[in-house]
Amino acid sequence: MDNKKTILIVEDDKYIIHFLSMSFKEEAYAFQVAGTVKEAVSLFYANRPDLVILDLGLPDGDGMEVIHSIREIADTPVIVVSARQEEEEKIHALDAGADDYVTKPFYMGELLARIRAALRKAEIYPQEKASCFEQGDLLVDYEKRRVEVGGTEVHLTPIEYKILSLLIANRGKVLTHHYILKEIWGYAEGVEAGTLRVFMATLRRKIEKNPSDPQHIITEVGVGYRFK
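In short, a report on the structure. (Residues numbered from 1 in each chain as written. Predicted model: local features only at pLDDT ≥ 70, side-chain atom pairs only at ≥ 80, totals over all residues. Heavy atoms only, no water.)

**Some thoughts on the overall build of the chain**
- A count of helices and strands for the chain gives eight helices and 14 strands.
- Taken against the 2.2 N^0.38 rule, which gives 17 Å for 228 residues, the C-alpha radius of gyration of the chain at 18 Å falls within 12% of a compact globule.
- For the chain, the spread of C-alpha atoms along the principal axes amounts to about 50 × 35 × 35 Å.
- For the chain, the proportion of its 228 residues judged to be buried stands at 49%.
- Of the contacts made within the chain by residues no fewer than 6 positions apart, 60% connect residues no fewer than 24 positions apart.
- Distance between charge centroids for the chain: 5 Å, based on 29 positive and 37 negative side chains. (Helix = DSSP H or I, 4+ residues; strand = E, 2+ residues; numbered from the N terminus. Rg over C-alpha atoms; globule rule 2.2 N^0.38 Å. Buried < 20%, exposed > 50% of the residue type's maximum accessible area, 1.4 Å probe, protein only. Contact = heavy atoms within 4.5 Å. Lys, Arg positive; Asp, Glu negative; His and termini not counted. Charge placed at Lys NZ, Arg CZ, Asp CG, Glu CD.)

**Side note on empty space enclosed by the protein**
- Counted under the stated rule, the structure contains one cavity of 30 Å³ or more.
- Taken as a whole, the largest cavity holds about 70 Å³ of empty space.
- Residue lining of the largest cavity: 12 residues in total, with Asp-99, Ala-117, Ala-118, Ile-184 and Trp-185 positioned closest to the centre.
- Among the secondary structure elements, those contributing two or more residues to the lining of the largest cavity are α5 (108-120), α6 (158-169) and α7 (177-185).
- A per-element tally of the lining of the largest cavity places α5 first, with three residues. (1 Å grid on protein atoms, 1.4 Å probe; cavity = no way out; pocket = protein on both sides within 12 Å on 5 of 7 lines; lining within 4 Å. Points joined across faces, edges and corners; volume = space filled by probe spheres on them.)

**Some details on the nonpolar core**
- Counting 50 residues, the largest nonpolar core has Leu-54, Ile-67, Val-140, Ile-163 and Leu-164 as its most contacted members.
- Top contributing element to this core by residue count: α6, with seven residues.
- In this structure, Leu-54 is in contact with Val-10, Gly-63, Val-66, Ile-67, Val-78, Ile-79, Val-80 and Val-81, ignoring residues within four places of it in sequence.
- If you look at the next biggest cluster of nonpolar residues, it comprises 18 residues, including Ile-16, Leu-20, Phe-24 and Val-102. (Core = buried A, V, L, I, M, F, W, Y, C linked by side-chain atoms within 4.5 Å.)

**What to know about the sheet that holds strand β13 (residues 217-220)**
- Here we have three strands laid out as an open sheet, ordered β12-β14-β13, and antiparallel in their pairing. Two strands in the sheet have a free side with no partner beyond their single neighbour: β12 (174-176) and β13. Averaged over all pairs of adjacent strands, the angle between strand axes in this sheet comes to 30°, irrespective of strand direction.
- In terms of strand pairing, β13 meets strand β14 (residues 224-227) through four bridges, oriented antiparallel. The residue bridging Thr-219 from the neighbouring strand is Tyr-225, located in β14.
- Across the sheet, α6 lies against β12, β13 and β14, angled at about 70° from β14, the strand it touches most.
- Its contacts with the sheet place α7 against β12 and β14, and it is angled at close to 75° to β12. (Pairing = 2+ DSSP bridges. Axes fitted to C-alpha atoms, helices over the stretch in contact; angles between N-to-C directions.)

**Observations regarding the pairing of strand β3 (residues 51-54)**
- Along β3, one buried face is formed by Leu-51 and Ile-53 and the opposite face, lined by Val-52 and Leu-54, is buried too.
- Bridging between strand β1 (residues 6-10) and β3 involves four bridges; their strand directions are parallel. Within β3, the position partnered with Ile-9 by the bridge is Ile-53.
- Summarising the sheet, β3 and strand β6 (residues 78-82) pair through three bridges and their orientation is parallel. Residue Leu-54 lies in a different strand from β6, and its bridge partner there is Val-80.

Right, here's the structure in full:
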């Protein structure tokens, strides 16, 4: 039985495609290539790869469309590899559901490490025996991967859901920035400090009545975060 992990490369630059293809062959990854948004969505739906490498600048549209299409049906890891270096672009992609963001030019060794980490951390299961967690107006249904606030479902990106599950599983404990980064991404080195703050801010906006005075996720200044 073939247990190779399959990667979908969404890229229109022939040189980068060749570079990635050669590296993935050496690492024994199976891969497919899509050069447009339409082709990427079609290949993803048809083959359900284990991971997606995604460029944002595509001939027929923005790679963000691919992220949105994937997130409608799956939590498959998506690593954006883009020449766009603006912080707003990174935040937009991560908030939409991308698991990681690498700017061009990049080191192949680093990208491969991020791929391995994303595959290892494709799923973080809560350390709860119960199928649901409820506290105040917050309800997390682990079986359905559904989160409700005050009886209304809220949409969390895969990363936000993993962070929330990790905090709940360790509620009452202070989790350091380094620990959270390592648990969610599989590594802490190379991940920008602001990345975690961005996810915490968006997560709070979605589950807290007053994000500026959170009742669930508490910041331990200079250390990390704690689920109250």
